[in-house]
Amino acid sequence: MICGILKSMQRIKSFLINVSVLLVTLLLFSVVVEFSLASFYPQKDTITFAERGSSDTFDSIAGWTDYKNSMYRVRTTEYDNVIRVNSEGFDDDEWVLQKGANETRIVALGDSFTQAVGVRKDRRFTDVLSQLLTSRKSSSTVSVLNFGAGGYSTCNEYVVLVNKSMKYSPDAVVLFFYLGNDFFENVDSSLRRPSCNFAGDGSLVNVSTPVRVPLKKVSFLNSVTINTHLGRLFMNTFRYSSVSSKVSRLLGNTPKYPDIDLLDVRLREKNVRVMNVTLQSLKGMSSFLKSENVPFVVVIIPNRIQVQNSTWKSVVAKYAYNESEYDSRFPERYLSEYFVSENISLVSLYDPLTSAFGNDGEDLYFSNDGHLNERGHVVVASEVYKFFAKVNVTES
């Protein structure tokens, strides 16, 4: 009997040793793979800050900006860029209050599409636009000040315009509006962002003060998935494959493409209510700039599934959508009709981007990131340049 017990203990000991060896081997293997991915094939947004550990900081007016006077690097499988942040907390050169003798200034407002960490600074549409407009007259300079920040709503942009941008004496203001989460950000009730309330004539009734909100705690498993290249490799491979939607359905969930609800004709009434909140903020911004005698133009940036037909087809196949239930141009039409009624200048990029993609079928957006790539930025800058060339902004 004692011999049997000893043999059982020996087997248990041997099993535990084998499991331990296996776990250590897997750990070492994971470390090697993680190091290799980080060095040669990064999967996550590797953001390296000088003495800082997060991408933005609280701002009592705007809600948040990037860390002022900082520099950081954003590296993914699709791009690798070093970003320099000015003293206002925006990803641009340092600005001075006093305009040059022959300088024209354009303020650019927007969210992450305008901030554009995915392309080199000199290839962003704001910088390319500055180059194009300046080249029209050798004796003048047209500066485009980029006040874009990831996650900004139209209200965020309004308070930035009034409290930060106007002191730089802009000759024109351009709002780059993305036909996607920009609508939903305007109905986000987060205390971290300001909330604007406008009267019917566009005058500001009140605006809430942003509140510093502590970061939410993340579970260990989620932290490992989010903060390691190996975890992101698994998630990226899973997320962008058709397997993800099939697994979601097996688990009883209904997978959706981001912001697809905006195009769903069955949700038209709900979408109109969401859009009307945005229109109030846009009217408020237009009304303010009219009172300041500053020209205002809205540039509509569509979602890639709205202009890249092959991308839309792949989304339809992945999520098993019925194409007849979706109207890709509804958000643009709704905004355009409103802008005409309110006499707000508009540059829609729907047709130019559709045409540019149709010419050679080469992507205008990053496949995984979803933002405009360098080719897309060139199209945006070209179309906005055409608008300002017609209104002679450099003559102001």
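All figures in this text were calculated on a predicted structure; none of them were measured in a lab.

### A closer look at the overall build of the protein
Phase 1: What the protein contains, in helices and strands, is 14 helices and twelve strands.
Phase 2: Out of the 396 residues in the protein, the part that is buried amounts to 45%.
Phase 3: Counting contacts in the protein only where the partners sit at least 6 residues apart, residues at least 24 apart contribute 71% of the total.

### Structural notes on the sheet that holds strand β6 (residues 103-109)
Phase 1: The strand order across the open sheet built from five strands is β7-β6-β8-β11-β12, with neighbouring strands paired in parallel fashion. Edge positions in the sheet fall to β7 (141-146) and β12 (345-348), since each has one partner strand and no second. Geometrically, the sheet is characterised by an average inter-axis angle of 25° between neighbouring strands, direction not taken into account.
Phase 2: Note: strand β11 (residues 296-301) against β12, four bridges, orientation parallel. By the bridge assignment, isoleucine 300 is partnered in β12 with serine 348.

### What to know about a nonpolar patch on the surface
Phase 1: A cluster of nonpolar side chains, Ile12, Phe15, Leu16, Val19, Leu22, Leu23 and Leu26, forms an exposed patch at the surface whose accessible area comes to about 670 Å².
Phase 2: Relative to the helices and strands, leucine 22 is located in helix α1 (residues 2-40).

### Structural notes on the pattern of salt bridges
Phase 1: All chains considered together, the criterion is met by 26 salt bridges.
Phase 2: Its salt-bridge partner being arginine 73, residue aspartate 80 comes within 2.6 Å of it at the nearest N-O pair.
Phase 3: Residue arginine 73 is classed as partly exposed on the basis of its relative accessible area, which comes to 33%.
Phase 4: Linking arginine 75 and aspartate 80 is a salt bridge whose minimum nitrogen-to-oxygen distance equals 3.8 Å.
Phase 5: On the basis of relative accessibility, which here comes to 38%, the residue aspartate 80 falls in the partly exposed class.
Phase 6: Each of Asp92, Asp93, Lys121, Arg124 and Asp127 takes part in a single network of salt bridges with overlapping partners.

### A word on the state of the cysteines
Phase 1: This model, assessed by the stated rule, comprises one disulfide.
Phase 2: Linked covalently through their sulfurs, cysteine 155 and cysteine 196 form a disulfide whose S-S length is 1.9 Å. Sign of the S-S torsion, about 75° for the bond between cysteine 155 and cysteine 196, identifies this disulfide as right-handed. Of this pair, cysteine 155 sits in helix α4 (residues 154-165) while cysteine 196 sits in strand β9 (residues 196-198), and the two are 41 residues apart along the sequence.
Phase 3: The buried category is assigned to cysteine 196, whose relative accessible area is 17%.

### Observations concerning unusual backbone geometry
Phase 1: A positive phi angle is found at aspartate 259, which is not glycine, with a value near 65°.
Phase 2: Along the chain, the position of aspartate 259 falls in the loop between α8 (242-250) and α9 (268-291).
Phase 3: Exposure remark for aspartate 259: the relative accessible area of 22% places this residue in the partly exposed category.
Phase 4: In this structure, alanine 320 takes a positive phi of about 55° despite not being glycine.

The rules we used
Residues numbered from 1 in each chain as written. Predicted model: local features only at pLDDT ≥ 70, side-chain atom pairs only at ≥ 80, totals over all residues. Heavy atoms only, no water. Helix = DSSP H or I, 4+ residues; strand = E, 2+ residues; numbered from the N terminus. Buried < 20%, exposed > 50% of the residue type's maximum accessible area, 1.4 Å probe, protein only. Contact = heavy atoms within 4.5 Å. Pairing = 2+ DSSP bridges. Axes fitted to C-alpha atoms, helices over the stretch in contact; angles between N-to-C directions. Patch = residues over 30% accessible without salt bridge, like charges linked within 9 Å, V, L, I, M, F, W, Y side chains within 5 Å. Areas by Shrake-Rupley, 256 points an atom, 1.4 Å probe, with all protein chains shown as cover. Salt bridge = Lys/Arg side-chain N within 4 Å of Asp/Glu carboxyl O. Disulfide = S-S within 2.5 Å.

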